[in-house]
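# Working through the structure, step by step
The chain contents come next:
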Amino acid sequence: MSNIQTETQSVTYRCPSNIALVKYWGKKEGGVQLPANPSISWTLNDLFAETTVFASPKMEENQKVEFFLDGKPKPSFEPKIHTFLQRISSIVPVVSQWDLRIESKNTFPHGAGIASSAAGFGALALCMVDLEGDLQPGSTEFYQKVSICARLGSGSACRSMFEGAGIWGELDSIPGSSDEYAISFPFEIHSRLKNWKDAVLIVDDGEKKVSSTQGHDLLKSHAYAHARFEQASKNLTELSEVLQNGNVERFVELVESEALQLHAMMMSSIPYYLLIRPNTLAIIELIWAKRGATNWEMAFTLDAGANVHLLYNSEQEDDVMNFIDAELLPYCKNQLYLCSAIGGGPLKLN
Ligand code: PMV
């Protein structure tokens, strides 16, 4: 039973972003935002959105929705939020009875080219399911429902609900996995892969020429789509074993291969396109050269953009920071990079 509400209620959640190790790229035909292949991500503790939702009983027939980012009205985001609310209305029916004021802020600079949709829709979904009041916040059922809602905002957002690693998409080797929602990685992660960090090297902070939505769509008629979906499933099964047995060398190979496959799919779409930039490649080459010379435990990955995520074992933090400052910064836009620990789930703030 949902709360019968007569006054304005509000709630605030913090939700981390995530970086995929095996990439979600392509949607299943039929259904809404169901993945064509399973994916796994690490949660980025320090790159998060904080969102407060004020919900009051609807005053007029049409629902009023206002969205503020960093204290400023952002009417351009409102159509996306309306689509999200419409999609979740069969799961959280009470949302259609509210007028909403949504105030959000991110720890990372807006327009730094970092996908903010995972953290943003994650935080919004947390607020909505909490305000509905049907499930105990923090319970497994609560996170499952939040993950379903977040998925309907942005697919990758459904993986942000879990401490450590989140898996989204049905796969025989992962018990409990589902296309509808993400689950927490169900096995113990080996100590060699537990305390890693991410340094996001900002290469390009501009608007992407091809959005993720368009990119996913291009997979529908992609010559290599089937092979890619099969490969992603195989990679996830193997990565799951690697996360448990601590084989760092294989971890690095799988993660880097996934990043390059994602961009290879973009380059071989019709129409084809490129999101990586010359500085993306320069950084990757320098990471390979440094790893070859030192054996430091580090791997690069990419999301749907030009920025490079440098994942590294925090035991080597000082060395990696010196390496970034001395060799990689010249290739970063405005000398900007952002660091995050891996792990940590969402947090209710009031
Ligand atoms: O959640 P979307 O629709 O923005 O898709 C994101 C896809 C990638 O970031 C490229 C990969 C992933 O699994 O997060």
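As a convention, each chain's residues are numbered from 1 in the sequence order in which they are written. Local features in this predicted model are restricted to residues of pLDDT 70 or higher, and side-chain atom pairs are both shown and tallied only at a pLDDT of 80 or more, whereas totals for entire chains, interfaces and linings draw on every residue. To obtain the side-chain values, all non-hydrogen atoms of the structure were included, while hydrogens and water were left out.

Moving on, we come to the domain arrangement of the protein chain. For every domain, the bounds stem from an assignment made automatically or drawn from a database. Examined at the domain level, the protein chain breaks down into domain 1 (9-190) and domain 2 (194-341). Taking only C-alpha atoms into account, the centre of domain 1 sits 23 Å from that of domain 2. Contact with domain 1, which involves 37 residues of that partner, is made by 45 residues of domain 2. Here the buried area means the combined drop in accessible surface, using a 1.4 Å probe, for two parts upon being joined, counting both sides. Both faces considered, domain 1 and domain 2 share a buried interface measuring about 3500 Å² in area, 69% of it formed by carbon and sulfur atoms. Three residues, Lys23, Trp25 and His190, lead the burial of domain 1 against domain 2; their summed loss comes to 24% of the area buried on that side. Any carboxyl oxygen of Asp or Glu within 4 Å of a side-chain nitrogen of Lys or Arg constitutes a salt bridge here. The tally of links between domain 1 and domain 2 comes to one salt bridge. Residue Glu188 is joined to Lys194 by a salt bridge in which the shortest nitrogen-to-oxygen separation is 2.6 Å. Note on conventions: DSSP H or I runs of at least 4 residues are helices, E runs of at least 2 residues are strands, and numbering of each starts at the N terminus. Looking at the side of domain 1 that touches domain 2, the elements that each hand over two or more residues are β1 (9-22) and β2 (39-57). Residue contributions to the side of domain 1 that touches domain 2 peak at eight residues, all from β2. Note on contacts: a residue pair is in contact if any heavy atoms of the two residues lie within 4.5 Å.

A word on the pattern of salt bridges. Inspection of every chain in the model, using the stated rule, returns 18 salt bridges. A salt bridge links Arg101 to Glu103, with the shortest nitrogen-to-oxygen separation between them at 2.7 Å. Residue burial is assigned from relative accessible area. The probe radius is 1.4 Å, only protein chains are included, and a residue is buried under 20% of its type maximum, exposed over 50%, and partly exposed in between. Arg101 sits in the partly exposed class, given a relative accessible area of 30%. Taken together, the shared-partner salt bridges in this structure form one network comprising Arg14, Glu50 and Lys105.

The criterion for a residue being near a molecule or strand is simple. One of its heavy atoms has to lie within 4 Å of it. Around the ligand lies a shell of 13 residues, among which Tyr24, Ser154, Ser156, Arg159 and His216 are the nearest. One of the side-chain nitrogen or oxygen atoms of Ser156 is found 2.7 Å away from an oxygen atom of the ligand. For the ligand, whose unbound accessible area comes to 380 Å², protein coverage reaches 89%. Each residue gets one of three labels, nonpolar for Ala, Val, Leu, Ile, Met, Phe, Trp, Tyr, Cys and Pro, charged for Asp, Glu, Lys and Arg, and polar for the others, Gly among them. Of the residues assigned to the shell around the ligand, the class counts are five nonpolar, five polar and three charged. For the shell around the ligand, the domains that each give at least three residues are domain 1 (9-190) and domain 2 (194-341). Polar contacts, as used here, are pairs of N or O atoms within 3.5 Å; protein pairs need one atom able to donate a hydrogen and one able to accept it. Residues neighboring in sequence count only if both atoms are side-chain atoms. Per-residue accessibility takes into account occlusion by the displayed protein chains alone, with areas from the Shrake-Rupley method and a 1.4 Å probe.

Turning next to the pairing of strand β6 (residues 165-168). A two-sided burial pattern is seen for β6, the buried positions comprising Ala165 and Ile167 on one face and Gly166 and Trp168 on the other. Bridging between β2 and β6 involves four bridges; their strand directions are antiparallel. Of the residues in β6, the one forming a bridge with Ser39 is Trp168. When DSSP finds two or more bridges between a pair of strands, those strands are recorded as paired. In terms of strand pairing, β6 meets strand β7 (residues 182-184) through three bridges, oriented antiparallel.

Mapping Ser147 onto the fold places it in helix α3 (residues 140-153). If we skip the residues at most four places from it in the chain, Ser147 touches Cys158, Met161, Phe162, Tyr181 and Ala182.

This paragraph deals with unusual backbone geometry. For the bond running from Ile270 to Pro271, omega is -5 degrees, close enough to zero to count as cis. Along the chain, Pro271 falls in the loop between α6 (248-267) and α7 (278-294). Backbone geometry at Asn334 places phi at a positive 55 degrees, although glycine is not the residue there.

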